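Here's the letter readout for the chains.
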Amino acid sequence: MEPEILIRKEGRAGRLTLNRPKALNALTHDICLKTTEALEAWRNDPDVALVILDGAGDRAFCAGGDVAQVTAAGKAGDYAMGRDFWRDEYRMNLLLSHYPKPVISFMQGFVMGGGVGYGCHIPFRVVGESTQMAMPECGIGMIPDVGGTWLLGRAPGQLGLYLALTAARMGPGDAIHARFANRFIPEAEWDAVKARLCETGDVIELPAHGTPESAMAAQQHHIDALFAGETMADFVAALEADSSDLAARTLKAIRHNSPLSMASTLAMLRPAPASLAEALKQEYRWTWRSMERSDFIEGVRALLIDKDRNPRWRHDAPDAVPDADVAAMLESLGENELTFP
């Protein structure tokens, strides 16, 4: 069997390559543990000057976490598997964010959910022509986790809220505009760039290219106006009153996604988290409870397993979620609160 992640040293670089191309390089618990182990081993290794993150195949850097096994366990009443996975994944996310050596991600194709957490909390975040980035969790009854609320909270204007509530996909220019990525390099150059990074161990080898145009940047003022309100009801009213294609697409997405997930996400972004660590702690409170008290298992069933695309959410409409239901998902876990080594 092929290993799920390829871990090796090449020249001056430590290399981590997600190696599940048929599964769009979806993250498993073991990948998170092995990534953390490798990073800790390289922390004080004088032979490793920088770390490169990439994914096998052309279709995806990483399309998210592998939730099928987690939801199967949850349906059987085993909540520990998911809680352990998310705890170790979130710890890995924070470790990547403050790693003492430069880390560079090369993110082609689909970059979603867990893939964003894997590749977007680091200093050098490279996208190419094929990049399609998104935080689609509200569509499967989850919230934007893996530090997603931290990234979304730092996007310009109301763009983060728009991305979270609609699962809209970002092309390379959009990802840079939203501050999820910070460098565009044509994908034909990636192999040569990686080779030079390995040879020299110096991020000066990352070439500078112009940033592609961003449709979302062009729509920024419109998005800001549509999400200027304070509640989901305000957003729905603004969208219903707007005759544009953007408003129609946005309203369709919001009416399809989990009301509890969207209401919770709104609460987590208003106000935005003060730090990545605080975002991860808050997200863990929600995901720790997700299999018992949210739409997560039903959303995964409808969108990823049975694929009938007809989820039966716990609440009837985007504006029908009581504040108490959101507060219950986000209250302290006490002794189960997420901590960092």
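Here goes a summary of the coordinates provided. (Residues numbered from 1 in each chain as written. Predicted model: local features only at pLDDT ≥ 70, side-chain atom pairs only at ≥ 80, totals over all residues. Heavy atoms only, no water.)

## Re the packing of helix H14 (residues 276–293) against helix H16 (residues 323–330)
Formally: Lines fitted to the C-alpha atoms define the axes, with helices restricted to the stretch that makes contact. Angles between their N-to-C directions range from 0 to 180 degrees. Helix and strand assignments follow DSSP, with helices taken as H or I runs no shorter than four residues and strands as E runs no shorter than two, numbered in order from the N terminus. Angles are sorted into four bins: roughly parallel if under 35 degrees, roughly antiparallel if over 145, roughly perpendicular if 65 to 115, and oblique for all others. In what follows, a contact means two residues having at least one pair of non-hydrogen atoms within 4.5 Å. Put simply, Ala, Val, Leu, Ile, Met, Phe, Trp, Tyr, Cys and Pro go in the nonpolar bin, Asp, Glu, Lys and Arg in the charged bin, and everything else, Gly too, in the polar bin.
Running from N to C, H14 and H16 cross one another at 110 degrees; their axes reach a closest spacing of 7 Å. One element, H14, and the other, H16, form an angle in the roughly perpendicular class. Between H14 and H16, the contacting residues are Gln282, Arg285, Trp286, Arg289, Ser290 and Arg293 on the first element and Ala328, Met329 and Leu330 on the second. Each residue belonging to the contact of H14 with H16 can be placed in one class, and the counts come to four nonpolar, two polar and three charged.

## With respect to the pattern of salt bridges
Here is the rule: The rule for a salt bridge is simple: a side-chain nitrogen of Lys or Arg has to be within 4 Å of a carboxyl oxygen of Asp or Glu. Relative accessible area decides the class of each residue, using a 1.4 Å probe on protein chains only: under 20% of the type maximum gives buried, over 50% gives exposed, and in between gives partly exposed.
In this structure the tally under the stated criterion is 21 salt bridges. The salt bridge partner of Arg15 is Glu10, with a shortest N-O separation of 3.2 Å. For Arg15, a relative accessible area of 8% corresponds to the buried category. The partner of Glu337 in a salt bridge is Arg285, and the shortest N-O contact between them spans 2.7 Å. Within this pair, whereas Glu337 is found in the segment after H16, its partner Arg285 is found in helix H14, the two being separated by 52 residues in sequence.

## Focus on the side chain of Thr166
Basically, it comes down to this: Pairing of N or O atoms within 3.5 Å defines a polar contact, subject to two protein rules: one partner must be a possible hydrogen donor and the other a possible acceptor, and residues neighboring in sequence count only if both atoms are side-chain atoms.
Within the fold, Thr166 resides in helix H6 (residues 159–166). Note on Thr166: relative accessible area 11%, which makes it buried. Polar contacts involving the side chain of Thr166 include one to the main-chain carbonyl oxygen of Tyr162, which spans 2.6 Å. A polar contact of 3.2 Å, which involves the side chain of Thr166, links it to the backbone nitrogen of Ala168. Every residue in contact with Thr166, bar those within four places of it in the chain, is listed here: Thr250, Ala253, Ile254 and Asn257.

## Section: helix H13 (residues 259–269)
Judged by how many residues are buried, H13 sits mostly within the fold: 10 of 11 residues are covered. Looking only at H13, the buried set comprises Pro259, Leu260, Ser261, Met262, Ala263, Ser264, Thr265, Leu266, Met268 and Leu269. Taken together, the buried residues of H13 touch helix H5 (148–154), H6, helix H11 (232–240), helix H12 (245–256), H14 and H16.

## A look at the nonpolar core
Cut-off, in case you're wondering: Here, the term nonpolar core denotes a set of buried Ala, Val, Leu, Ile, Met, Phe, Trp, Tyr and Cys residues that are joined through side-chain atoms within 4.5 Å.
Ranked by internal contacts, the top residues of the largest apolar core, which has 94 residues, are Met133, Leu163, Phe180 and Phe296. For this core, the leading source of residues is H14, giving eight residues. Leu163 has contacts with Met135, Leu152, Ala168, Met170, Ala178, Phe180 and Met216, leaving out every residue within four places of it along the chain. Counting residues in each nonpolar core, the second largest holds 13 residues, with Ile52, Ile104, Ile185 and Leu206 among its members.

## Digging into the packing of aromatic side chains
Our working rule: The aromatic pairing rule takes the rings of Phe, Tyr and Trp, using the six-membered ring of Trp, and pairs them if the centres are within 6.5 Å, calling planes under 30 degrees apart stacked, those over 60 edge-to-face and the rest tilted.
Within the structure shown, the criterion is met by six aromatic pairs. The interplanar angle of 85 degrees and the centroid separation of 6.0 Å between the aromatic rings of Tyr90 and Tyr284 together place this pair among those described as edge-to-face. Of this pair, Tyr90 sits in helix H3 (residues 80–97) while Tyr284 sits in helix H14, and the two are 194 residues apart along the sequence. Of the two residues, Tyr90 and Tyr284, neither departs from the other in class, the shared state being buried. Judged by centre distance (5.4 Å) and plane angle (65 degrees), the rings of Phe106 and Trp190 are edge-to-face. Of this pair, Phe106 sits in strand S5 (residues 103–107) while Trp190 sits in helix H8 (residues 190–200), placing them 84 residues apart in sequence. According to the relative accessible area criterion, Phe106 is buried, its value standing at 0%.

## As for helix H15 (residues 296–305)
Of all 10 residues in H15, eight are buried; the element is thus mostly enclosed. When we look at burial in H15, the residues that qualify are Phe296, Ile297, Glu298, Gly299, Val300, Arg301, Ala302 and Leu303. In the core, the buried residues of H15 are packed alongside helix H2 (67–75), H3, H12 and H14. Remark: Lys307 follows H15 within two positions and exhibits a positive phi of approximately 60 degrees.

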